[in-house]
Amino acid sequence: MPELPEVETVRRTLNELVSGRTIRSVTVKLPRIIQRPAEPEQFQDALAGRTIQQVERRGKFLRILLDELVLVSHLRMEGRYGVYSSEEPPELHTHVLFHLDDGTDLRYKDVRQFGTMHLFLPEEEFRLPPLAKLGIEPLGPDFTLQALRDRVGKRTSRIKPLLLNQELIVGLGNIYVDEALFQARIHPERTPDTLKPAEWKRLHEAIRTTLASAVEAGGSSIKSYVNGQGEMGMFQQQLLVYGRKDEACAACGKPIVKFVVGGRGTHICSRCQPMKG
Ligand SMILES: [Zn+2]
């Protein structure tokens, strides 16, 4: 599933490719992708003639700003946007086509069909699901050490599920939580009340640096993720623990172990991330 850095890369790429374009018409081939309004015909009618102003992001959601409307899009597991010539026959699993005024289509493809689109009036999107209850942006100016402690510090569950909770902090998924906890040298099953001030500081820094360097890696290679058809792929930056079971820890050489925390596959170095901090 794409996490904050991957969605941010898609956002930047989309912004470059379709900002300023006017939507001539929309074809919805799989109605269940459209969550709001209720009828796909209303969605198609509302978007016809609108110009895409810019593409923003809130957590793992894309916010496509149009004149007088906002399209909130979540890629979930496998959603992909791509820009194609409108002459080109749609590929398999293409569910929504935005026909643009320059003879291209912005197409949404989704093998798993879990992605969602919601249409709102401007600002309305922040008061209603799915954006209403989202937590703090970890790369934004409000994400201070104190804000992290205020949100997570008084909770009694384990630190990893707390960091995955989108109502506390947005954008972190399984990959970057494992990476941030490794960098902070914190065991994912520790509870917030056991963390010392130095560990909070390391965790705060690790969340920001892990995400920021992944955004940078994606941003610097946007071109290579847009293929001939303009399809935006996902990238993954160099990871230190995630997906590296049995490989040597980059810091101490001990093999990385994998186990389950809160139902999620979890990678740690048991020497660098002891249960007792
Ligand atoms: Zn280690």
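A quick note: this is a predicted structure, and the numbers were derived from the prediction, not measured.

**Student:** Would you mind showing me how to read the nonpolar core here?
**Tutor:** Nonpolar side chains in soluble globular proteins tend to be buried together. Val18, Leu172, Tyr176, Ala180 and Cys269 are the most contacted members of the largest nonpolar core, which totals 59 residues. Once residues lying within four places of it in the same chain are set aside, the contact partners of Tyr176 are Glu3, Thr210, Leu211 and Ala214.

**Student:** What exactly am I supposed to notice about the pairing of strand β4 (residues 61-66) here?
**Tutor:** For a regular strand, side chains alternate in direction, first toward one face of the sheet and then toward the other. Two strands pair when backbone bridges link them, and strand β3 (residues 52-58) and β4 are joined in this way by 6 bridges, in the antiparallel orientation. From the neighbouring strand, Val55 faces β4, where its bridge partner is Ile64. What sits between β3 and β4 in their antiparallel hairpin is a turn of 2 residues, with Gly59 showing a positive phi close to 60°. Between the end of β4 and the start of strand β5 (residues 69-74), which pair antiparallel, lie 2 residues, with Glu68 showing a positive phi angle near 70°.

**Student:** What exactly am I supposed to notice about the domain arrangement of the chain here?
**Tutor:** For an interface, size is often stated in terms of accessible area lost upon the parts coming together. What the domain assignment reports for the chain is domain 1 (4-126) and domain 2 (145-268). Distance between the C-alpha centres of domain 1 and domain 2: 28 Å.

**Student:** What is the right way to look at the sheet that holds strand β7 (residues 94-100) in this model?
**Tutor:** Adjacent strands of a sheet pair through backbone hydrogen bonds, lying either parallel or antiparallel. Taken in spatial order, the 4 strands make up an open sheet running β1-β7-β8-β6, and their pairing is antiparallel. Bordering the open sheet on either side are β1 (23-28) and β6 (80-85), each of which pairs with just one other strand. Strand-to-strand twist across the sheet, computed as the mean angle between neighbouring axes with direction ignored, equals 20°. Strands β6, β7 and β8 (104-109) of the sheet are contacted by helix α1 (residues 4-18), whose axis makes an angle of about 20° with β6.

**Student:** Would you take a moment to explain the UniProt feature "binding site: DNA" (unreviewed entry) in the chain for this structure?
**Tutor:** Under the local residue numbering, the UniProt record ascribes the feature "binding site: DNA" (unreviewed entry) to His93, Arg112 and Arg155. Across 63 residues in sequence, these annotated residues place their C-alpha atoms as far as 41.5 Å from one another, rather than forming a single compact spot. With respect to the element layout, His93 can be found in the loop between β6 and β7. With sequence-adjacent residues up to four places away left out, His93 is seen in contact with Lys109, Asp110 and Val111. Position of Arg112 among the secondary structure elements: in the loop between β8 and β9 (116-120). Contact partners of Arg112, with chain neighbours within four places excluded, come to Arg76, Met77 and Glu78.

The rules behind each value
Residues numbered from 1 in each chain as written. Predicted model: local features only at pLDDT ≥ 70, side-chain atom pairs only at ≥ 80, totals over all residues. Core = buried A, V, L, I, M, F, W, Y, C linked by C-beta atoms within 7 Å. Buried ≥ 20, exposed ≤ 12 C-beta atoms within 10 Å, placed from the backbone. Contact = placed C-beta atoms within 7 Å. Pairing = 2+ DSSP bridges. Helix = DSSP H or I, 4+ residues; strand = E, 2+ residues; numbered from the N terminus. Domains from an automatic or database assignment. Axes fitted to C-alpha atoms, helices over the stretch in contact; angles between N-to-C directions. UniProt positions renumbered as here; feature names shortened; annotations may be inferred.

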